[in-house]
Protein chains: 2
Amino acid sequence: MAVPETTTVMVKKVTGDRMVTVEDEVAREVPVTLFLNDEELVTLVCSPGNLEELAVGFLCSEGILQRRTDLKDIFIRPEEGLIWVETSGPVPTRQHFLKRYITTCCGRGRSSFYFVNDARGISPVTSPLVVRAGAILEFSRELEENAALFQTTGGTHSAALYSGSQRLLLYEDIGRHNAVDKIFGRAFLDGMELKDKLLVFSGRVSSEILVKVARMGIPILIARGAPTDLALEMASEMGITVVGFARGERLNIYTHGERIILP
Amino acid sequence: MAVPETTTVMVKKVTGDRMVTVEDEVAREVPVTLFLNDEELVTLVCSPGNLEELAVGFLCSEGILQRRTDLKDIFIRPEEGLIWVETSGPVPTRQHFLKRYITTCCGRGRSSFYFVNDARGISPVTSPLVVRAGAILEFSRELEENAALFQTTGGTHSAALYSGSQRLLLYEDIGRHNAVDKIFGRAFLDGMELKDKLLVFSGRVSSEILVKVARMGIPILIARGAPTDLALEMASEMGITVVGFARGERLNIYTHGERIILP
């Protein structure tokens, strides 16, 4: 499949007090809609390669495909993110299938449409907040050092909310998205103003994480992990500063770098 | 909330040709069911702490709670994993909500029930396959070195299928679960026998990953990340060997260690 798996973006790479602007590759994140026997079944948010394997493997994982003979035909339009699978036998009804799909911890259904609709309801962030690159690296270090569950098990994600250099909240969860939702929940319960806060996050920045940050109206997202191209597109439009790979002495500024000052 | 966030398990820790059996802590993974205005809305698979923050944050992320006054009441039974939220105003219908929840990339709905049902359909793995600890570390190293998309972007997960010391398949995806589904899909399409194969995985082992491996009938799962307690319970019952933190010169054997030989 000739669909590119990465996109080239301009990144401001900061090391100590030096900043260089370079081209860098980020992973693409695309929604792919799967039709089962001509009925729309599911939209997977994924990397764009090997869609035949993904669609078939997903249906195997769901127990919909069990024997090789269950699969009658498969047709893919990679550029449009559309897959049609035909089974030789009957399959679970869509309603039954839906009921098994209520979940929070990751990719949203019908991604692009979902985000377009969401974006309509969310106004771009216009905060004058700025932060020093040096402080960002301290926050990232503090997050890792204070994530007790991660320190004990190595198996959880964490998110922290900062005001200036003060850490107000820190939550952990086995689910990347849950850690961010816990911040959102506490801030909501306490009626916190978030337009002047920073979110520090242990994980990778996919589109769903970006939607949560946009909904909160937080202007600066600092992640220890990598962003996807879709998350960066949304951040750029929503006025959100995304910093990735904030670890050790280095960080990458991907969007709205005007909020980051050196060193 | 006094609910413990970790569980103590016995682990065989291997370093070079030495193995010690010790107690270690793994993160707990629990299903929590959220009722909105007395209607069951969603089950989140999560860490058991800060459930009030999680439930409220989830509803905020979904746009169901927007103003502080939208939240009328919240009642939690942490031990049972049950949360009731009452809103002061009307909220989206369950049907509308469901439609937005078709997704693959992470936690399944109604986790415990889901897995119980799944387990019924899956027979335990009884493969005589064995592997050397030294080979496991080579596979883990190979996975990282050959994950081209990860090497380029640092933002993807990878999974590889091995027969003996030969790598048959390797796929990458921004979604942890998608990488494993791509292996499942290709193996299904090619009619591969999986009872004598190993799966090498870049990520953390949650219950959903374990269900996929059990469905495939793969006897040995080697992960670079940490497992959850729920994944280990299932692996133990399903006869699956789980090796975690397989990086550098060290690895942890969590379940069915009879398939691992030293060095």
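Structure: above.
Residues numbered from 1 in each chain as written. Chains lettered and ligands numbered in written order. Predicted model: local features only at pLDDT ≥ 70, side-chain atom pairs only at ≥ 80, totals over all residues. Heavy atoms only, no water.

Draft legend 1. The arrangement of the overall build of chain A in detail. A tally of regular secondary structure across chain A gives 8 helices and 14 strands. For chain A, the residues scored as buried account for 60% of the 263 residues in total. Here the analysis covers contacts within chain A between residues at least 6 apart in sequence; of these, 51% occur between residues at least 24 apart. Accessible surface for chain A amounts to roughly 10,000 Å². Of this, 50% is attributable to carbon and sulfur atoms. (Helix = DSSP H or I, 4+ residues; strand = E, 2+ residues; numbered from the N terminus. Buried < 20%, exposed > 50% of the residue type's maximum accessible area, 1.4 Å probe, protein only. Contact = heavy atoms within 4.5 Å. Areas by Shrake-Rupley, 256 points an atom, 1.4 Å probe, with all protein chains shown as cover.)

Draft legend 2. Broad picture of the environment of Val42(B). All names here are of chain B. With respect to the element layout, Val42 can be found in strand β4 (residues 39-46). By relative accessible area, Val42 is classed as buried at 1%. Each C-alpha atom, one on Val42 and one on Val56, is 13 Å from the other, the two residues being 14 residues apart in sequence.

Draft legend 3. Representation of the packing of helix α7 (residues 207-216) of chain B against helix α8 (residues 229-238) of chain B within the structure. Residue and element names in this part refer to chain B. Close contact between α7 and α8 brings their axes to 8 Å; oriented N to C, the two are set at 20°. Between α7 and α8, the crossing angle belongs to the class labelled roughly parallel. For α7 against α8, the interelement crossing comes out right-handed. In contact with Ser207, Leu210, Val211 and Ala214 of α7, α8 contributes Leu230, Ala231, Met234, Ala235 and Met238. Taken together, the residues that form the contact of α7 with α8 break down as 8 nonpolar, 1 polar and no charged. (Axes fitted to C-alpha atoms, helices over the stretch in contact; angles between N-to-C directions. Parallel < 35°, antiparallel > 145°, perpendicular 65-115°, else oblique. Left-handed = near helix turned anticlockwise from the far one by under 90°. Nonpolar A, V, L, I, M, F, W, Y, C, P; charged D, E, K, R; others polar.)

Draft legend 4. Seen up close, the packing of aromatic side chains. All names here are of chain B. A complete count under the given rule lists 6 aromatic pairs over all chains for this structure. Where Phe35 meets Trp84, the ring centres are 5.6 Å apart and the plane angle is 15°; that geometry is what we call stacked. Here the residue Phe35 occupies a position in strand β3 (residues 30-36), and Trp84 occupies one in strand β6 (residues 82-87), the gap between them amounting to 49 residues. Overall, the relative accessible area of 24% leaves Trp84 in the partly exposed class. Relative to Tyr162, the ring of Phe139 has its centre 4.1 Å away and its plane inclined at 25°; by these criteria the two rings are stacked. Placement of Phe139 in helix α4 (residues 133-146) and of Tyr162 in strand β8 (residues 157-163) is noted, with a sequence separation of 23 residues between them. (Phe/Tyr/Trp six-rings, centres within 6.5 Å; stacked < 30°, edge-to-face > 60°.)

Draft legend 5. Spotlight on the sheet that holds strand β5 (residues 71-77) of chain B. All names here are of chain B. Across the sheet, which stays open at both edges, the 4 strands sit in the order β4-β3-β6-β5 with mixed pairing between neighbours. Every other strand in the sheet has two partners, leaving β4 and β5 as the edge strands with one partner each. Each strand of the sheet is rotated relative to its neighbour by a mean of 20°, with strand direction disregarded. Strand direction decides the pairing type here: β3 and β4, joined by 7 bridges, are antiparallel. The partner of Val32 across the bridge, within β4, is Leu44. In the packing of helix α1 (residues 51-61) onto the sheet, contacts are made with β3, β4, β5 and β6, and the angle to β4 comes to roughly 120°. (Pairing = 2+ DSSP bridges.)

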